[in-house]
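# Structural overview for review
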Amino acid sequence: MKYFLFFILLYSTLYGKKDFYYSFIDNKKTQIEQSKKNKIIQGNAKLKKIDQLVKDGRIDDALEQITQFRLNNNIDILRSTVELLYSEILYKSGTKKNMTEGAKVLEAAINQSVISEGDLLEANVLLVKLFVNINKIKEAKYYAESIKNIFKDQLSLAYGKISEAYIDTQAKRYKKSIATLYDILLKTNDLKVATVVADE
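Quick look at the structure, then. Keep in mind that what you see is a predicted model, and the values were worked out from it rather than measured. (Residues numbered from 1 in each chain as written. Predicted model: local features only at pLDDT ≥ 70, side-chain atom pairs only at ≥ 80, totals over all residues. Heavy atoms only, no water.)

With that out of the way, let us pick up the overall build of the chain. Helices and strands together make up the secondary structure of the chain, namely ten helices and two strands. The buried share of the chain, taken over its 200 residues, is 37%. For the chain, the accessible area works out to roughly 13100 Å², and carbon and sulfur atoms hold 54% of it. (Helix = DSSP H or I, 4+ residues; strand = E, 2+ residues; numbered from the N terminus. Buried < 20%, exposed > 50% of the residue type's maximum accessible area, 1.4 Å probe, protein only. Areas by Shrake-Rupley, 256 points an atom, 1.4 Å probe, with all protein chains shown as cover.)

Relative to the 24 Å expected for 17 residues at 1.5 Å per residue, helix α8 (residues 154–170) spans 24 Å between its end C-alpha atoms, a close match to the ideal helical length. Phi turns positive, to about 65°, at K172, one or two residues after α8. (Expected span 1.5 Å × (residues − 1).)

Further remarks concern the nonpolar core. With 27 residues, the main nonpolar core has L106, I110, I115, L127, V128, L130 and F131 as its most contacted residues. For this core, the secondary-structure elements that each account for two or more residues are α4 (79–93), α5 (96–111), α6 (120–133), α7 (137–150) and α8. Sorting elements by how many residues they give to this core places α6 first, with ten residues. Beyond its immediate stretch of four places on either side in the chain, L127 contacts A103, L106, E107, I110 and Y143. Core analysis: the next-biggest nonpolar cluster, separate from the first, contains 18 residues, L47, L53, I89 and V105 among them. (Core = buried A, V, L, I, M, F, W, Y, C linked by side-chain atoms within 4.5 Å. Contact = heavy atoms within 4.5 Å.)

Attention shifts here to the environment of L121. Note on placement: L121 falls in helix α6. For L121, the residues in contact, after removing those within four places along its chain, are I147, F151, S156 and Y159.

Glancing now at the pattern of salt bridges. Tallying each qualifying case throughout the model produces nine salt bridges. Of the charged contacts in the structure, one is a salt bridge between D61 and R58, with a shortest N-O distance of 3.1 Å. Here D61 falls in the partly exposed class, since its relative accessible area comes to 30%. Between K187 and D183 there is a salt bridge, with its nearest N and O atoms 3.3 Å apart. Owing to a relative accessible area of 60%, K187 belongs among the exposed residues under this scheme. A single salt-bridge network, built from bridges that share partners, covers E145, K148 and E164. (Salt bridge = Lys/Arg side-chain N within 4 Å of Asp/Glu carboxyl O.)

Our next topic: the environment of E101. If you trace the backbone, E101 turns up in helix α5. If sequence neighbours within four positions are ignored, E101 has contacts with Y86 and L90.

This paragraph deals with the packing of α7 against α8. Contact geometry of α7 with α8 gives a least axis separation of 7 Å together with a crossing angle of 160°. Looking at the two axes, α7 sits roughly antiparallel to α8. At the point where α7 passes α8, the crossing takes the left-handed sense. Counted together, I137, A140, K141, A144, E145, I147 and K148 of α7 and S156, L157, Y159, G160, K161, S163, E164 and I167 of α8 form the full contact between these two elements. Counted by class, the contact of α7 with α8 contains seven nonpolar, three polar and five charged residues. (Axes fitted to C-alpha atoms, helices over the stretch in contact; angles between N-to-C directions. Parallel < 35°, antiparallel > 145°, perpendicular 65-115°, else oblique. Left-handed = near helix turned anticlockwise from the far one by under 90°. Nonpolar A, V, L, I, M, F, W, Y, C, P; charged D, E, K, R; others polar.)

In structure tokens form, the structure reads like this:
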């Protein structure tokens, strides 16, 4: 028994040291080296600063910084966040040229599985808005429908219907848009869903 406990202690110590250097797990379930972990942390901090610029209304500064970051980024685990944030900033810039670029980038990222599962709903919702604003209604409807087909939880289904309502609003079909949003509220008892609809 004493030797068994000694073996367990030795094993734990050796692998504890290993975990000090390999503490992150990538999307292939392999451990990431400490040096790469530090780059991920630094990159993520930079992306948060860029996101704060967006929240502060400094869209031009945010666009300049995310463009440079995207150009130099070689960390795969950050690509989903980078492509999504880049597309969001292009959308918020308000120009048709930028929104066309945003739609192109985001659609490619979704279709090439660059967008992570956790970002996929947000990416689809944003892509609907981008397509609507560059008058590609057919494509917008396709991705709005995709949201309802891919995601089955109540909140995601609500986002799918909200995306359809957004399309109707931009087409000045206000009664249909309001009816869609009202229907979501009638059929839910989820506070998160009600909050999202209220924001719309």
